[in-house]
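# A closer look at the structure
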Amino acid sequence: MSDLAVLVGRVLIALLFLAGFVQKVADPVPAMTLLTDRGLPGVLIWPAAAFNLGAALALIAGWRVRSAAAMLAGYCAATSVFHLIPSDPWQMSIFVKNWAIAGGCLCLAAHGAGRYRLGDLRGG
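Reference entry: report on the structure contained in this document.

Parameters at a glance
Residues numbered from 1 in each chain as written. Predicted model: local features only at pLDDT ≥ 70, side-chain atom pairs only at ≥ 80, totals over all residues. Heavy atoms only, no water. Core = buried A, V, L, I, M, F, W, Y, C linked by side-chain atoms within 4.5 Å. Buried < 20%, exposed > 50% of the residue type's maximum accessible area, 1.4 Å probe, protein only. Helix = DSSP H or I, 4+ residues; strand = E, 2+ residues; numbered from the N terminus. Contact = heavy atoms within 4.5 Å. Salt bridge = Lys/Arg side-chain N within 4 Å of Asp/Glu carboxyl O. Phe/Tyr/Trp six-rings, centres within 6.5 Å; stacked < 30°, edge-to-face > 60°.

### Points about the nonpolar core
Ile13, Phe17, Leu59, Ala69, Leu72, Cys105 and Leu108 are the most contacted members of the largest nonpolar core, which has 21 residues in total. Counting only elements with at least two residues in this core, the list comes to helix H1 (2-26), helix H3 (45-61), helix H4 (65-80) and helix H5 (89-111). In terms of residue count, H4 provides more of this core than any other element does, 7 residues in total. With residues up to four places along the chain from it excluded, the contact list for Leu59 reads Arg10, Ile13, Ala14, Val65, Ala68, Ala69, Leu72 and Leu108.

This is how it looks when you write it as structure tokens:
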């Protein structure tokens, strides 16, 4: 049962990052604006989108889950600052969710992919 729960958890977390990838590619302007409003180049959206996609696929496949999850936790922590807008309840909700997702990713980083992964990909 615990391996099944880890698989479902991995997929659910991955779906969030897949959605982030699709959102960034389909409509990059809002994310670019968050970057440029803080003095960063808007083109950083593209490596972020690629990272979202790659890390999500790694979680789904169960490939290098510990590393991918640790990097995703750091990504969530770093990107949370873009949502630290105390006057905007919606952005503050996203800020808190980023930290909650980071927590889930840290659990995956600590415990690995579990038994259910594609082949013996070593690194779960």
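### As for the pattern of salt bridges
Taken as a whole and judged by the stated rule, the model has 1 salt bridge. When the shortest N-O distance is used, the salt bridge between Arg115 and Asp3 registers 3.4 Å. Here Arg115, found in the segment after H5, pairs with Asp3, found in helix H1; they are 112 residues apart in sequence, far enough to count as distant. We classify Arg115 as exposed; its relative accessible area is 57%. Since its relative accessible area comes to 22%, Asp3 is described here as partly exposed.

### Some thoughts on unusual backbone geometry
In this structure, Arg64 takes a positive phi of about 50° despite not being glycine. Looking at where Arg64 falls in the secondary structure, it is placed in the loop between H3 and H4. Judged by its relative accessible area of 44%, Arg64 falls in the partly exposed class.

### Section: the packing of aromatic side chains
What the rule picks out here adds up to 2 aromatic pairs. Note on Phe17 and Tyr75: the rings are 6.3 Å apart at their centroids and 65° apart in plane angle, and the pair reads as edge-to-face. Of this pair, Phe17 sits in helix H1 while Tyr75 sits in helix H4; the two residues are 58 residues apart in sequence, bridging distant segments of the chain. Given the relative accessible area of 5%, Phe17 is considered buried. Seen from their ring centres, Phe51 and Tyr75 are 5.3 Å apart, and the 50° between their planes marks the pair as tilted. Within this pair, whereas Phe51 is found in helix H3, its partner Tyr75 is found in helix H4, the two being separated by 24 residues in sequence. Judged by its relative accessible area of 23%, Phe51 falls in the partly exposed class. With a relative accessible area of 18%, Tyr75 lands in the buried category. Among the aromatic residues, those joined into a ring-pair cluster are Phe17, Phe51 and Tyr75.

Coordinates in, geometry out; function isn't part of it.
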